[in-house]
Amino acid sequence: LEIADLNDADEVSNVNTFSYSMSANGRKVAFVTRATNMGPYSTGSHYCYVRDLIANTTELVSVTGTGQPFFTQRCVLSDDGNHVAFSGSSSAGTGTWVRDLTTGTSQFISSYAGSVSISGDGRYVVFGGVFGGLSGIQVKDMVTGDVTVASVASDGTLLTDGDAVLSGLAPEVISSDGRYICFTS
């Protein structure tokens, strides 16, 4: 048993953490906290951090492409531990992002913040969105940039459940290989 919500000085976060996610090998743990002792940006806002349990380092990962801290209540780590998807808001707006932990860059995914899921290698990101005024599920291929509406019936009809998808009340899940997704409709 090991505590994961530690800062770089190995001090436990001074408030509760939530929204845990772990890499498949158990080396990295992502979590959200509003602790004020996690580093220079820990101001009491909800941010996502990733703790490397081998290197004993903690990194703020919920940042925009320009490095601005991003308020989030949801984050999920890919199985390989190299990507983290998060959604929330900042002074720059609301949205969903993916942070590549190997390059230290963040890529904007969607202007909607809600539930988010990521495939094992970080290639596919599943998130809520609006199409023709109806909420639904999208999948973005991070390699090609293609975005596909996934919440459609076999006859092509958009499956929707109102705003539950966008609010995160209907969490979607993607398989590790990115081939299958589950969602509420």
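Here goes a summary of the coordinates provided. Just so you know, the residues in each chain are numbered from 1, in the order the chain's sequence is written. The model is predicted, so local features are restricted to residues of pLDDT at least 70 and side-chain atom pairs to those at 80 or more, both for listing and for counting; the totals for chains, interfaces and linings are taken over all residues. Each side-chain value is worked out from all heavy atoms of the structure, with water and hydrogens disregarded.

**Here we look at the nonpolar core**
Residues belong to a common nonpolar core when they are buried Ala, Val, Leu, Ile, Met, Phe, Trp, Tyr or Cys residues joined through side-chain atoms within 4.5 Å. Between buried and exposed lies partly exposed: a residue is buried under 20% and exposed over 50% of the maximum accessible area for its type, with that area taken using a 1.4 Å probe on protein chains only. Within the largest apolar cluster, twelve residues are counted, these being A30, V32, C48, V50, V61, F70, C75, L77, V84, F86, W97 and L101. Contributions of two or more residues to this core are made by β2 (28–33), β3 (47–52), β5 (71–77) and β6 (83–90). When sequence neighbours within four positions are dropped, the list of residues in contact with V32 reads N16, T17, F18, S19, H46, Y47, C48, T72, Q73, R74 and C75. Counting nine residues, the second largest nonpolar core, distinct from the first, contains V76, I118, F127 and M142. Under the scheme used here, helices are H or I runs from DSSP no shorter than 4 residues and strands are E runs no shorter than 2 residues, and both carry numbers assigned from the N terminus. Residue contacts are defined here by distance: any two heavy atoms, one from each residue, within 4.5 Å place the two residues in contact.

**Quick notes on the pairing of strand β4 (residues 57–60)**
Residues in a regular strand point their side chains to alternate faces of the sheet. Because side chains alternate across β4, one face comprises the buried residues T58 and L60, and the other comprises T57 and E59, none of which is buried. We treat two strands as partners when DSSP finds at least two bridges between them. Of the pairings in the sheet, the one linking β3 to β4 comprises four bridges and is antiparallel in character. Counterpart to R51 in the pairing with β4 is T58. What sits between β3 and β4 in their antiparallel hairpin is a turn of four residues, with N56 showing a positive phi close to 55°.

**Some details on the state of the cysteines**
Counting rule for disulfides: a pair of cysteine sulfur atoms within 2.5 Å. Across all of its chains, the model carries one disulfide by this definition. Disulfide pairing places C48 opposite C75 at an S-S distance of 2.5 Å. Of note, the bridge from C48 to C75 carries an S-S torsion of about 75° and is right-handed in sense. Pair noted here: C48 is in strand β3 and C75 is in strand β5, with a separation of 27 residues, a long-range link. C48 sits in the buried class, given a relative accessible area of 0%.

**Brief notes about the sheet that holds β3**
Pairing within the open sheet is antiparallel, and its four strands lie in the order β1-β2-β3-β4. Two strands in the sheet have a free side with no partner beyond their single neighbour: β1 (17–22) and β4. In this sheet, neighbouring strand axes are inclined to one another by 25° on average, regardless of whether the strands run parallel or antiparallel. Note on geometry: axes are lines fitted to C-alpha atoms, helical ones only across the stretch in contact, with angles between N-to-C directions running from 0 to 180 degrees.

**A few points about the sheet that holds strand β8 (residues 105–110)**
Read across the open sheet, the four strands follow the order β5-β6-β7-β8; overall the sheet is antiparallel. Both edges of this open sheet fall to β5 and β8, since each of them pairs with a single strand only. Across the sheet, the mean angle separating the axes of adjacent strands is 25° when strand polarity is ignored. Pairing geometry for β5 and β6, over six bridges, is antiparallel. In the strand pairing of β6, V76 is matched with A85.

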